[in-house]
Amino acid sequence: APGGVDVPREFRCAATGKPLYMPVVTTHGVAYSYAALFDMFMNARGLPVCKETQENIAFFPSVCPALHHYLMEEYRGVMKGRRQQDEADLWEKYGFQMPLIGDAPDQDGDAGLLEELECV
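Structural notes, computed from the coordinates. Note that the coordinates shown come from a computational prediction; the quantities given were computed from them, not determined experimentally.

Some remarks on the environment of Cys13
Then comes step 1: With respect to the secondary-structure elements, Cys13 resides in the segment before strand E1 (23-25).
Then comes step 2: The spacing of Cys13 and Ala36 is 23 residues in sequence and 7.9 Å in space, taken between C-alpha atoms.
Then comes step 3: When residues no more than four places from it in sequence are discounted, the contact partners of Cys13 are Lys18, Leu20, Ala31, Tyr32, Ser33 and Ala36.

A closer look at the pattern of salt bridges
Then comes step 1: For the structure shown, the criterion picks out 3 salt bridges.
Then comes step 2: Two residues, Arg82 and Asp86, come together in a salt bridge whose shortest N-O distance is 3.1 Å. With Arg82 and Asp86 both in helix H3 (residues 76-94), this residue pair falls 4 residues apart, about one helical turn. Both residues of the pair, Arg82 and Asp86, count as buried.

Describing the nonpolar core
Then comes step 1: Counting residues in each nonpolar core, the largest one holds 30 residues, and the members touching the most others are Tyr32, Tyr34, Leu71, Tyr75 and Met79.
Then comes step 2: Listing elements by their share of this core, those giving two or more residues are strand E2 (31-33), helix H1 (34-43), helix H2 (65-74) and H3.

Details of H1
Then comes step 1: Those residues of H1 that fall on the buried side of the exposure criterion are Tyr34, Ala35, Ala36, Leu37, Phe38 and Met40.
Then comes step 2: Contact partners of the buried residues in H1: E1, E2 and H3.

Quick notes on unusual backbone geometry
Then comes step 1: Although it is not a glycine, Met22 adopts a positive phi angle of roughly 55°.
Then comes step 2: On the secondary structure map, Met22 appears in the segment before E1.
Then comes step 3: Judged by its relative accessible area of 1%, Met22 falls in the buried class.
Then comes step 4: Backbone geometry at Gln54 places phi at a positive 65°, although glycine is not the residue there.

Some details on the packing of H1 against H3
Then comes step 1: It is the contact of H1 with H3, at a shortest axis distance of 9 Å, that shows an interaxial angle of 20°. Looking at the two axes, H1 sits roughly parallel to H3. Classified by chirality, the crossing of H3 by H1 is left-handed. Across the interface between the two elements, Tyr34, Ala35, Phe38, Asp39, Met42 and Asn43 of H1 pack against Asp86, Leu90, Lys93 and Tyr94 of H3.

Calculation notes
Residues numbered from 1 in each chain as written. Predicted model: local features only at pLDDT ≥ 70, side-chain atom pairs only at ≥ 80, totals over all residues. Heavy atoms only, no water. Helix = DSSP H or I, 4+ residues; strand = E, 2+ residues; numbered from the N terminus. Contact = heavy atoms within 4.5 Å. Salt bridge = Lys/Arg side-chain N within 4 Å of Asp/Glu carboxyl O. Buried < 20%, exposed > 50% of the residue type's maximum accessible area, 1.4 Å probe, protein only. Core = buried A, V, L, I, M, F, W, Y, C linked by side-chain atoms within 4.5 Å. Axes fitted to C-alpha atoms, helices over the stretch in contact; angles between N-to-C directions. Parallel < 35°, antiparallel > 145°, perpendicular 65-115°, else oblique. Left-handed = near helix turned anticlockwise from the far one by under 90°.

What follows is the structure in structure tokens.
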């Protein structure tokens, strides 16, 4: 693995198997990278079908900052590579940019933790 760090399966995209970058979690609790789920929505006839549950994904969830920040802290080298790849793919295929989410909470300590938990 890049940087000598192997990202565990639970932190990998259900569609691609790659480490999650800008993770979104469906109502069924399945995590996808933003770019991968965006691609699924763009290429689906109707609603995309979840790779794990085989159920329709009815709406596009927001990026989960808490999970994104955790992954950026724990797997920084791998995530930087994922950022470059996903941002380039999204731009080249659709002319879209990734959501603007920082690599760390805006605030330190308890305030930052409370901010993180807004998506959970």
